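Coordinate analysis (summary)
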Amino acid sequence: PLPKGNGNIGHKKADLIVTTRLMDPTTILIIFAIFFVAVLYSSVGHGGASGYLAVMAFLAVAPEVTRPTALLLNLFVATIGTIQFWRAGYFSWRLFLPFAAGSVPMALVGGMIHLPTEVYKIVLGGVLCLAAVRLAIHLKSDDQVKDPPMIACLLIGAAIGLLSGMVGVGGGIFLTPILLLMHWSEARVAAGVSVLFILVNSISGLVGQFIKGSLSGLPPEVWAWVAVAVVGGLIGSTLGSRRFTSMTLRRVLAVVLLFAGIKLILV
């Protein structure tokens, strides 16, 4: 039998390992980057998954870790954003429901799909490049808003959901520009709809990852990342629901996403 007290020693060693990993320079860099991404993305009604994925891609984190981690961070940040934009009155159930009906089941399917590493890197690289373009361009809303066709909502939602589940994003980075370019919503309502869209897709994608068994590979320091993402999400969504915008910061992040996307595709 083991000597009495060995359980406590084991717990102390585990705590020491986690503390050491949290003090690692790479982990500290990730924490600061996640905070910045969460503030900026949540200010425009997004969860930040493409930004988190870009950070982890730069630091060569394994795809098995990046997807569930980005979705988990999305889950917390998008929850905060949903509450903030809802309280500010920027939301439409009529616009949200048909897109979500198409996306949620497909995000679950996407989360269960295993892509070969090389294929995943190319797909993710393309998503990051598209996200960079989205952040760099300031899309203005139109006063002449019209209702979208139901079949278009379902098909667009399904396509975004499948891609989101496979890559590890919530899909808002695609939905928002579609809503604005097609004149289906004004800007702040589009942000409010997109952030709940991100939340439900992130939940669905995480369920798919759980079924596939990927959640067991999450690093222990992920909860420190969640904590800073929550703080960043609170700050960003509060500013965003009050008309804050900073094209300079968005374009800086767009450059980072672009470089990360190109790196994934070419290297």
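Residues numbered from 1 in each chain as written. Predicted model: local features only at pLDDT ≥ 70, side-chain atom pairs only at ≥ 80, totals over all residues. Heavy atoms only, no water.

Now for the layout of surface pockets. Volume-wise, the second largest pocket comes out at about 200 Å³. In this structure, the second largest pocket is lined by 13 residues; those nearest its centre are Ser-92, Arg-94, Leu-95, Asp-147 and Pro-148. Of all the secondary-structure elements, those providing two or more residues to the lining of the second largest pocket are helix H5 (93–112) and helix H7 (150–167). No other element matches the three residues that H5 contributes to the lining of the second largest pocket. (1 Å grid on protein atoms, 1.4 Å probe; cavity = no way out; pocket = protein on both sides within 12 Å on 5 of 7 lines; lining within 4 Å. Points joined across faces, edges and corners; volume = space filled by probe spheres on them. Helix = DSSP H or I, 4+ residues; strand = E, 2+ residues; numbered from the N terminus.)

As a further point, take unusual backbone geometry. Look at His-183: it is not a glycine, yet its phi comes out positive at around 60°. Considering the arrangement of structural elements, one finds His-183 in the loop between helix H8 (172–181) and helix H9 (187–212).

A few words on empty space enclosed by the protein. Under the defined criterion, the tally for this structure stands at one cavity of 30 Å³ or more. Estimated volume of the largest cavity: approximately 80 Å³. Of all the elements in the fold, those that place two or more residues in the lining of the largest cavity are helix H3 (49–58) and H8. Grouping the amino acids of the lining of the largest cavity by side-chain chemistry returns five nonpolar, eight polar and no charged. (Nonpolar A, V, L, I, M, F, W, Y, C, P; charged D, E, K, R; others polar.)

Following the criterion strictly, the structure yields seven aromatic pairs and no others. Each ring, one from Phe-91 and one from Phe-96, has its centre 5.8 Å from the other, and the planes form 45°; the classification is tilted. Here Phe-91 matches Phe-96 in class, with each residue buried. For the ring pair Trp-93 and Phe-96, a centre distance of 5.7 Å and an interplane angle of 75° mean the geometry is edge-to-face. Placement of both Trp-93 and Phe-96 in helix H5 is noted, with a separation of three residues, approximately one turn of the helix. Judged by relative accessible area, which is 43%, Trp-93 ranks as partly exposed. Since its relative accessible area comes to 5%, Phe-96 is described here as buried. (Phe/Tyr/Trp six-rings, centres within 6.5 Å; stacked < 30°, edge-to-face > 60°. Buried < 20%, exposed > 50% of the residue type's maximum accessible area, 1.4 Å probe, protein only.)

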